[in-house]
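Chain residues, written in single-letter form:
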Amino acid sequence: MSIKKTTIQIIGSGILQDDVLMVGESLLRRWKISAGHPVQLAFGSFRQEVTVISVPRYSGLRVGSVLARKMGIQSNCELRVTYSRGRRTLRVGPLISVLVSRDYPEQPDKPFGPITLFCHELVGECRRQGAYVYFFTPEHIGRQPGRVQGWVYDGSWKKAAMPVGDVVNNRLTSRKLENRTSVQHFMKEVKSQYGTTIFNEKFLDKNEVFDALKSNASLRKYLPESHLLQTLAVFKKMCTQYPAIFLKPVRGSLGKGIMRINKQADGTFTTLATTAGTPRKKTYASVEKLYKSLAEKMKTTRFQVQQGLTLIDHGKRPVDFRALVQKNATGAWTVTSIVARIAGGSHFVSNLARGGTLSTVKEALAKTTLPAAIKSTGPHLLKTAALNIASGVEKAIPAHFAEFGIDLAIDNTGRIWLLEVNSKPSKNDNTPLNDQKTRPSVKKMIDYCCYSAGFK
C-alpha cells in the first residue's frame, strides 16, 4: 500500500511571513479550505494560527523559514498531513520523539554510542513513511513548556529546539533515569497538555509480571512457580520441592545477578552465580545456611525465586527463545521475530552479554531430542504463547506498551514456559538473523507511531 506524503517546502527568510501558510490548490479543494481563512497549524506540541494562501498547480505546503524553525523542521521534506474541519486544524506529522539514556556530543558521527545505527535506521524509515523523528535525553528536558533540545539528522547530526512529539518512544535503559522527577513530570505533563502518546513508558519488574499473569487462567500454563523472596519458609519450600531453582533480581537485566541452586543427593545445596567469567560455584550444608548467606544481598536487592526447568539443550548448553512482539499499523500485537539463544560455554543463562549465541528456532529445535511432531509445531506454539502473554501483560498492568521482549523456554517434554517479559528490549538481542539494512522491528515501530498519532 502506497503512503500518501505531502511535500513541505521551506521558503527563504523575508519572502513569506511566519503567520502565513501556502497550500497547493488541489489540497485546499480536498480539505474544503477557503483561501485567506485562518487555520491552526499543528506539528507535535507546536500550535500556531496561520492564514492560508492558495498556490495554483501545486500539491504541497510552503512555510517561511521562521515558521519552519519554530516547528523544528530543518529542510524540505515529505510528511503526512491531515485536516480536521471541525477543529480547523491542519496537522503535519507524525512528529516522533525518542527518549534515550545518554548522548555523546564529542562524537559527532556517533552521538548515541552503540545505538547510533538504530537511530539512523529510524531516521531512514521515517523518511520512507513520511514521519519526522528526533532524539533527546533526560538532560535535554528544560523548563520551556512543550519544547526540548533534541538531535535531528539532516545530512549530519545537529541540535535543535523541538516541539514535543505526537508520540514519545521511551528508550531509557536505566530505572534511575526513568524515575527522575524531571522525567516523570515531563511524561505526565505532555500526556495531559498535548495528548502525547508515550509507549514503553515503564520498566517491568519480574515479580510484577508473574503476579499479574497468575490471575489469567489461560496463561497460568506458561508460568513456572515463582515468588517474591521474603521469608525462609518460602525459600525452604522451593528448595525442597524442586531439584533446581533460580534466584533472579526483580529489576535485573542482561542475565546479571542470577543464581541457580541445585539440591544434591547428600542433602547439601550448590549455587552457581552469573559473573563476567566462569560462574562461581559454592556448596552449603543446609537450606538455612544458604538463606543466611543471601541475607546481606536481600537488604539491597529484591529477588524472585523461581522453579527450575529442565530445558532443551545443545550439548548440555541450555536453549531458550527471545520473541520480539510489537504493535503494528492497526494497533494489533504481532510477532516480529523469534530467535533461539544458546548459552555460552559454562554459563547457564543464554543472554548474548553472557556469551550466548543465536540460532533460528527451526535449527535449534532440529538439534534436540524432542519428538518430530513438537519440532514441527514448536515455532507456531512459541508465537501463540508470545502473543497471548503480550496481550495478558497489557491488560493486567496499567501502562502503555507497544513492544515486548518475551523470553520463552521449552522443556524436554515439549511444554512452553515463560521466563521473563522485558518492556525495553535490546536492539541487539532480537536482531533477526539476516543482513537487512532496516530491521523489521524499526519499520513496525514507525508503523505503530503513525497509527497511534492518528496518521493512518
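In what follows, the accompanying structure is described. (Residues numbered from 1 in each chain as written. Predicted model: local features only at pLDDT ≥ 70, side-chain atom pairs only at ≥ 80, totals over all residues. Heavy atoms only, no water.)

Where helix α6 (residues 206-214) is concerned, the buried positions are Lys 206, Asn 207, Val 209, Phe 210, Ala 212 and Leu 213. Buried residues belonging to α6 abut β14 (226-228), β15 (244-249), β19 (303-307), α10 (372-396) and β25 (416-422). (Buried < 20%, exposed > 50% of the residue type's maximum accessible area, 1.4 Å probe, protein only. Helix = DSSP H or I, 4+ residues; strand = E, 2+ residues; numbered from the N terminus. Contact = heavy atoms within 4.5 Å.)

Turning our eyes to something else, we now look at the nonpolar core. One finds Leu 41, Phe 43, Leu 61 and Tyr 132 to be the most contacted residues of the largest nonpolar core, which totals 43 residues. Membership of the second largest hydrophobic core comes to 38 residues, among which are Val 361, Ala 385, Ile 410 and Ile 416. (Core = buried A, V, L, I, M, F, W, Y, C linked by side-chain atoms within 4.5 Å.)

We now examine the pattern of salt bridges. Under the criterion given, the structure shown has 25 salt bridges. Here Asp 205 makes a salt bridge to Arg 251, at a shortest N to O gap of 3.2 Å. Here Asp 205 is found in the loop between β13 (197-199) and α6, whereas its partner Arg 251 is found in the loop between β15 and β16 (259-263), with 46 residues between them in sequence. (Salt bridge = Lys/Arg side-chain N within 4 Å of Asp/Glu carboxyl O.)

With that settled, consider unusual backbone geometry. Along the chain, Gly 93 connects to Pro 94 via a cis peptide bond; the corresponding omega equals 0°. Tracing the sequence through the fold places Pro 94 in the loop between β7 (89-93) and β8 (95-99). The phi dihedral of Asn 200 falls on the positive side, at around 55°, and the residue is not glycine.

With that settled, the discussion passes to the pairing of strand β11 (residues 157-163). Here 7 bridges tie strand β10 (residues 147-153) to β11, and the two strands are oriented antiparallel to one another. In the sheet register, Gly 150 faces β11, and the bridge partner there is Ala 160. Counting the residues that bridge the hairpin from β10 to β11 gives 3 residues, and of these Gly 155 lies at a positive phi of roughly 85°. (Pairing = 2+ DSSP bridges.)

Pairing is antiparallel in the open sheet, where 6 strands are placed in the order β14-β19-β15-β16-β17-β18. With one partner strand each, in any of the chains shown, β14 and β18 (280-284) form the two edges of the open sheet. When strand polarity is set aside, the average angle formed by the axes of neighbouring strands in this sheet is 20°. Sheet analysis places β14 next to β19, joined by 3 bridges and oriented antiparallel. For His 227, the partnering residue across the bridge sits in β19 and is Val 305. (Axes fitted to C-alpha atoms, helices over the stretch in contact; angles between N-to-C directions.)

The angle between the axes and the distance between the axes are what describe a pair of packed helices. Their axes nearest at 9 Å, the elements α6 and α10 cross at an angle of 95°. Judged on the interaxial angle alone, α10 and α6 are roughly perpendicular. Residues Val 209, Ala 212 and Leu 213 of α6 lie in contact with α10, whose contacting residues are Ile 389, Gly 392, Val 393 and Ala 396. Each residue belonging to the contact of α6 with α10 can be placed in one class, and the counts come to 6 nonpolar, 1 polar and no charged. (Parallel < 35°, antiparallel > 145°, perpendicular 65-115°, else oblique. Nonpolar A, V, L, I, M, F, W, Y, C, P; charged D, E, K, R; others polar.)

A few words now on the sheet that holds strand β4 (residues 46-55). As summarised here, the arrangement of the 7 strands in space is β1-β5-β2-β4-β3-β7-β6, forming a closed barrel in which the pairing is mixed. Put simply, the sheet's adjacent strands are angled 40° from each other on average, direction ignored. Pairing of strand β1 (residues 6-11) with strand β6 (residues 77-84), which is carried by 3 bridges, proceeds in the antiparallel orientation. From the neighbouring strand, Thr 7 faces β6, where its bridge partner is Glu 78.

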